[in-house]
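Listed below are the residues making up each chain.
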Amino acid sequence: MENFKTTNWLMTRTIKETIDEEVIFFLINKIYALKEKVDYFQIFDLIPDKKNSTLKIIHRQESDELTGVKEFKKEYIIKNIKNFDFQQYDDKIFCICDGPHQTFVFPAER
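Residues numbered from 1 in each chain as written. Predicted model: local features only at pLDDT ≥ 70, side-chain atom pairs only at ≥ 80, totals over all residues. Heavy atoms only, no water.

1. Focus on the pattern of salt bridges
- For the coordinates displayed, the defined rule picks out three salt bridges.
- Here Asp-45 and Arg-60 are joined by a salt bridge, their closest N and O atoms 2.6 Å apart. On the criterion of sequence distance, the pair formed by Asp-45 in strand 2 (residues 41-49) and Arg-60 in strand 3 (residues 54-61) is long-range, its members being 15 residues apart.
- When its relative accessible area of 23% is taken as the criterion, Arg-60 is described as partly exposed.
- Several salt bridges converge on common partners, so that one network encompasses Asp-45, Arg-60 and Lys-92. (Salt bridge = Lys/Arg side-chain N within 4 Å of Asp/Glu carboxyl O. Helix = DSSP H or I, 4+ residues; strand = E, 2+ residues; numbered from the N terminus. Buried < 20%, exposed > 50% of the residue type's maximum accessible area, 1.4 Å probe, protein only.)

Here you go:
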């Protein structure tokens, strides 16, 4: 099975409580929109700008010669962010695909 081809999205309680739903949907859409071969492990760096109520997101994946996955990196800005509570946990989110499920976790929760 190819990575990220199902609709079974899961997240830890901490992610659900601290990341705006709008941001989660944004991350999901960016994974689905990838044209490259998608690795099972996606990384989203979160860089908040409270003064301007924006969130810079750097979406990336590392290369893997065995599977033919190429390194990927793209930056996005989301405006009008209200909740920056995630900063007390981590400045990145991992999204891991295990086949039938995709799970969002903070690195410390793995």
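2. Regarding the sheet that holds strand 2
- Strands sit in the order 1-6-5-2-3-4 across an open sheet of six strands; the sheet is mixed. Strands with a single pairing partner mark the edges of an open sheet, and in this sheet they are strand 1 (9-11) and strand 4 (72-79). With direction set aside, neighbouring strand axes in the sheet form an average angle of 20°.
- Here strand 3 pairs with strand 4 via eight bridges, running antiparallel. When the sheet's bridge partners are listed, Lys-56 is paired in strand 4 with Ile-77. (Pairing = 2+ DSSP bridges. Axes fitted to C-alpha atoms, helices over the stretch in contact; angles between N-to-C directions.)

3. As for the pairing of strand 3
- For strand 3, a buried count of six out of eight residues is recorded, marking the element as mostly surrounded by other parts of the structure.
- Where strand 2 and strand 3 come together, seven bridges link them in antiparallel fashion. Looking across to strand 3, one finds that Phe-44 is bridged to His-59.
- Adjacent in sequence and paired antiparallel, strand 2 and strand 3 are bridged by four residues, among which Ser-53 carries a positive phi angle near 55°.

Purely geometric stuff here, so don't read any function into it on its own.
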